[in-house]
Amino acid sequence: MSKSMASSLLVLLEIALLLASGCVELTSQRISWFYDAPKDELRILIHYDGIHDSGDDTHDEGVKQLREFVKNGDVMFQCWIWHIEMADFRRQLQDANTKPLEKDWARLVTSIKIEQVGYYREPDGRMGAAQLVTITEAKAFIRKLNAEISREILEDEIDWNDVTGADWPLEAETARTQERMQAAAKNRHQWLTLDGHALRFTLPVHPDEWLRLKGMILVERVKALAEALEKAADDEKITLINSFVQERSSVLVSYIESSDRVTFVLGLPKIPSTLRTKLQDEYEPSLENVVVETVKVDLDKALAEMLLDKDAKPSALLSAVRSFGPPEEQVRALMATAQNGDDKQKKAAIERLASWAKRWNRDHGVPKAPKMRDKLEDYIAAWKKWYGQMRQYPIFKEKDDAAEAQ
């Protein structure tokens, strides 16, 4: 397996475990997913929040990377080192020297459809962009994915220390687990399965080795947090803790251990989920122009037009944002129109925000959406606070903000 594919599989495992942890950077990332059973399509909506340059150079490298990222239809998870470069997989398909296993991985990865949804500016002024990843014939795709994982295991291509970053002798300490994985691979084990909208990852293990491995991974993650806290200024410590907790609590996870396997269920079968990860507070605007130039579509404008026009026939991209994307997306688009539209548009946006708030408080209520205010600026201010809560969800101050929502 290529290192990038191994890392991608590790992402799923670490998220399910709740143990996870000069170029283009993000302030945060939101990942939502939805399985359309009638069409057999798995859709993944990725929000890249606060896109900016690391600031280590004059930004030329960040501009180049971002243009190539959009042009090639790449995907990034959290940071640039977990960047899946689609052009590399396309080259592997054309290269006669590519190993058969790597070529099959490349064929599988390049079958994924990746589209840019649009760019947006959040209430705090930061620029972001959304991307839709679509896996057609999802069940067949997952069967092929499971077969490739089994081939990796049987051909002993995975360096577990390289994948996990562990510095203890992982190969020796997981020998019995590896034997069980080899046996499962020979029997066409289904490592990853769909359960409605939920993703199930099942790993054959030796129970004693698994407890040791789980403990060591936890130690590494806690050590990383402790080291970050030690270096952070006092006013940054609570932000670090909240970020650590947010990623591990923003999506529901089931964790089942038995005598011979561990199963992780990411998300809920009947309800689409969103994973939220805060990465950093620092942001600078050097890449804003190139985001607009390359992504092209103003997401807030397009989304508001769709929400305010009963007869609108939205594209599949906008429908994805509305149907299973983070709920704050609709609010942000309506806020922008309520502030910057003409009188008719402002009135329609305010009415839509009010009706949206009633439905939200009836069906969810956490955080509580604000009631109408006499002054528009007060109403927008209350919605901005709600938006800020959603961006920190489920880690936000509720006592003071709940009073303001009344």
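Residues numbered from 1 in each chain as written. Predicted model: local features only at pLDDT ≥ 70, side-chain atom pairs only at ≥ 80, totals over all residues. Heavy atoms only, no water.

Before going further, it helps to examine the overall build of the chain. A tally of helices and strands in the chain yields 17 helices and 13 strands. Taken over 406 residues, the chain has a buried fraction of 49%. Summed over its atoms, the accessible surface of the chain is roughly 20,400 Å², and 52% of this surface lies on carbon and sulfur atoms. (Helix = DSSP H or I, 4+ residues; strand = E, 2+ residues; numbered from the N terminus. Buried < 20%, exposed > 50% of the residue type's maximum accessible area, 1.4 Å probe, protein only. Areas by Shrake-Rupley, 256 points an atom, 1.4 Å probe, with all protein chains shown as cover.)

Let us now look at the nonpolar core. Counting residues in hydrophobic clusters, the biggest one holds 58 residues, and the most contacted among them are Trp33, Ile46, Tyr48, Ile51, Trp191 and Val291. The element best represented in this core is helix α5 (residues 138–154), accounting for six residues. With 35 residues, the next largest nonpolar core counts Leu307, Ala333, Tyr379 and Trp383 among its residues. (Core = buried A, V, L, I, M, F, W, Y, C linked by side-chain atoms within 4.5 Å.)

Moving on, we come to unusual backbone geometry. Residues other than glycine predominantly adopt negative phi, and peptide bonds predominantly adopt the trans conformation. Backbone torsion omega between Val366 and Pro367 reads -10°, so that peptide bond is classified as cis. Summarising the element assignment, Pro367 is placed in the loop between α15 (343–363) and α16 (376–392). Cis peptide bonds are those with omega within 30 degrees of zero, and the linkage from Tyr393 to Pro394 qualifies with 0°. When you line up the elements, Pro394 lands in the loop between α16 and α17 (399–405). Within the chain, Asp40 stands out as a residue other than glycine whose phi angle is a positive 55°. As for its placement among the helices and strands, Asp40 is situated in the loop between β2 (28–36) and β3 (41–49). Look at Asp40 and you get buried, because its relative accessible area is 18%. One non-glycine residue, Glu137, lies in positive phi territory at about 45°. For Glu137, the location among the structural elements is in the loop between β8 (127–135) and α5.

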